[in-house]
Amino acid sequence: MNFRELPRVALTLLWALAAAELCVWLRTPIPWMLGPLLATAVASVLGAPTRSAALLRNGGQWVIGAALGLYFTPQVSALVVSLWWAIVLAVLWALALGGLFGLWLQRQHAADFAHLPPGAWRATSYFASAIGGASEMTLLAERHGARTDLVAAAHSVRLVIVVVSVPFAMQWAQTHWGLQVDARLLPGPQVAHWPGLLWLALATAAGALLMTWLKRTNPWFMGALLASMALTLSGVSWSAVPTGLSNAAQLVIGVSLGVRFQREFVHTAPRWLASAAIGTLVMMALSVGFGLLLAWAAGLHPATLILGTSPGGIAEMAITAKVLQLGVPVVTAFQVCRLVAVLMLVGPIFQWRMGHEKTA
C-alpha cells in the first residue's frame with residue numbers, strides 16, 4: 001500500500017466504523033459487515049476517495065478463518081462428513097445453476113456485445129455467471145479473452161445483493177419463526193484466553209503463510225480456517241476469538257467489498273448490471289427451494305442449508321451463520337467444497353463446451 005493513501009484508508013475506516021455503530025443501534029443483522037459495506041459502496045459511487053488496504057483485508061480474512069475453524073469439533077466434523085452426499089448435490093446444483101445463468105446472459109445480451117468475437121463473448125457470460133471465486137473467475141475470463149470488467153461487475157453485484165438480503169431474511173425468520181440454535185453446532189472454545197490466543201494466532205498465521213506460498217486461493221482465509229480446524233479436531237482448545245476482534249475483521253471485509261463500486265461502475269453497461277441483479281435474485285429464489293429440499297432430506301434446519309447453498313461468498317455466508325448462530329460448520333463446509341469444485345471444474349467445463357461447439 002502506498003503511504004500517500006494512508007489518510008484515505010483511515011478516513012474510509014472511520015466512515016465504515018460510524019456506519020457499523022449506526023447499524024448496531026438500528027439492530028440490523030451482521031451490522032459490522034453490512035454497515036461498512038453499504039456506506040463504503042455509496043460513498044464510492046458518489047465519487048468519494050475511498051480506499052481499502054489489502055493488508056487489512058487479509059487480516060480480516062485471517063481472523064474470520066481462525067474463528068470459523070473453532071466450530072469443527074470432532075462431533076461436528078462427524079456430522080459434516082455424514083452429509084457428503086448433500087455436499088455433492090450442492091456442488092452439482094451450483095455448477096448447473098451457474099451454467100444456465102450463463103446461457104441466459106449470453107442470449108440476453110448477444111446484440112449488445114456483437115462486436116466481440118464469439119469465443120470472447122461466451123467466456124464473458126460463462127465466467128460472469130459462475131457461483132463463487134469472483135477474483136479467480138475474472139482471471140480465468142482474462143485468459144480466454146473475455147471482458148473482465150463485465151465479469152467483475154457481475155460478481156460484485158451478485159455478492160452485494162446476497163450479502164445484503166440474506167442476513168435480513170434470516171433475521172426476519174428468527175424473529176417470526178423462532179429459529180433455534182442447534183447446540184450441536186456451537187464452537188469448541190467459547191472464551192478468549194491469554195496466551196492461548198497468541199498460540200492460535202501464530203498457528204493460523206502459519207497456515208495462511210503456507211497457503212500463500214503454495215499460491216492457493218483466498219490464502220489468508222483458507223489457511224487460517226484449515227489450521228484452526230486441525231487444532232479443534234485434535235482437541236486443542238487454546239482460545240476463542242474475541243468478539244471485538246471478530247467485529248473489526250467484519251468491518252474491513254465489508255470495506256473491501258464496498259470499494260469495488262467506484263463511480264465508473266454504474267456506467268459499466270447498465271443493462272448488463274440489471275441482468276446480473278435479476279439473475280442473482282432468481283438464483284437466490286431457486287437456491288432457497290433447493291436448500292429447503294436438502295434440509296428436509298438431511299434432517300437439518302432449513303436456515304443452515306439455505307445459507308450453505310446460497311450463491312454468496314464463503315466468508316460472507318459463514319459470518320452470517322456465525323453471528324446468527326445458524327450452523328457455522330455445515331455452512332462453511334458446503335461453501336468451501338463448492339468453491340473448491342468451482343475453481344477446479346469451471347475452467348475444464350468451459351474448454352469442453354468450446355471444443356464441443358467447434359466439432360458440432
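Residues numbered from 1 in each chain as written. Predicted model: local features only at pLDDT ≥ 70, side-chain atom pairs only at ≥ 80, totals over all residues. Heavy atoms only, no water.

Student: Please clarify how the overall build of the protein chain should be interpreted in this entry.
Tutor: Looking only at helices and strands, one finds 15 helices and zero strands in the protein chain. Buried positions account for 52% of the 360 residues belonging to the protein chain. Sequence separation of 24 or more characterises 79% of the internal contacts of the protein chain that already satisfy a separation of 6 or more. Surface summary for the protein chain: the accessible area is close to 16,600 Å², and the carbon and sulfur share equals 69%. (Helix = DSSP H or I, 4+ residues; strand = E, 2+ residues; numbered from the N terminus. Buried < 20%, exposed > 50% of the residue type's maximum accessible area, 1.4 Å probe, protein only. Contact = heavy atoms within 4.5 Å. Areas by Shrake-Rupley, 256 points an atom, 1.4 Å probe, with all protein chains shown as cover.)

Student: Sorry if this is basic, but what is going on with the packing of aromatic side chains here?
Tutor: Each aromatic ring pair is summarised here by two numbers: the centre-to-centre distance and the angle between the ring planes. Scanning all chains against the criterion turns up four aromatic pairs. Consider the rings of Tyr126 and Phe127, whose centres lie 5.0 Å apart with planes at 85°: the pair is edge-to-face. Like Tyr126, the residue Phe127 is buried in the burial classification. (Phe/Tyr/Trp six-rings, centres within 6.5 Å; stacked < 30°, edge-to-face > 60°.)

Student: When you look at the packing of helix α9 (residues 196-213) against helix α10 (residues 219-233) in this model, what are you seeing that I'm missing?
Tutor: In a pair of packed helices, the angle between the axes and the distance between the axes together describe the arrangement. The contact between α9 and α10 brings their axes to 7 Å, and the two run at 130°. Classified by the interaxial angle, the pair formed by α9 and α10 is oblique. Seen along the crossing, α9 lies across α10 with a hand that is right-handed. Within the contact between the two elements, α9 uses Leu200, Ala203, Thr204, Gly207, Ala208, Leu209, Met211 and Thr212 and α10 uses Pro219, Trp220, Met222, Gly223, Ala224, Leu226, Ala227, Ser228 and Leu231. Partitioning the contact of α9 with α10 into residue classes produces twelve nonpolar, five polar and no charged. (Axes fitted to C-alpha atoms, helices over the stretch in contact; angles between N-to-C directions. Parallel < 35°, antiparallel > 145°, perpendicular 65-115°, else oblique. Left-handed = near helix turned anticlockwise from the far one by under 90°. Nonpolar A, V, L, I, M, F, W, Y, C, P; charged D, E, K, R; others polar.)

Student: Looking at this model, I keep getting lost on the environment of Ala192. Mind explaining?
Tutor: Structurally, Ala192 is set in the loop between α8 (148-177) and α9. Judged by relative accessible area, Ala192 falls into the partly exposed class, the value being 39%. Dropping the residues within four chain positions of it, Ala192 is found in contact with Ser239, Ala240 and Pro242.

Student: Looking at this structure, I do not really get the nonpolar core. What am I missing?
Tutor: Side chains that are nonpolar tend, in soluble globular proteins, to be buried together. By size, the foremost hydrophobic cluster in this structure holds 41 residues, and its most contacted members are Ile64, Leu68, Val166, Leu225, Leu307 and Met317. No other element matches the six residues that α8 contributes to this core. Among all residues touching Val166, those that are not within four sequence positions of it are Met284, Leu307, Ser310 and Met317. (Core = buried A, V, L, I, M, F, W, Y, C linked by side-chain atoms within 4.5 Å.)

Student: Which parts of the structure should I look at to understand the packing of helix α4 (residues 74-82) against helix α5 (residues 84-108)?
Tutor: The N-to-C vectors of α4 and α5 enclose an angle of 55°; their axes lie 5 Å apart at closest approach. As the angle between them shows, α4 and α5 are arranged oblique. Facing Val80, Val81 and Ser82 of α4, the residues of α5 in contact are Trp84, Trp85 and Ile87. Here the residues of the contact of α4 with α5 sort into five nonpolar, one polar and no charged.

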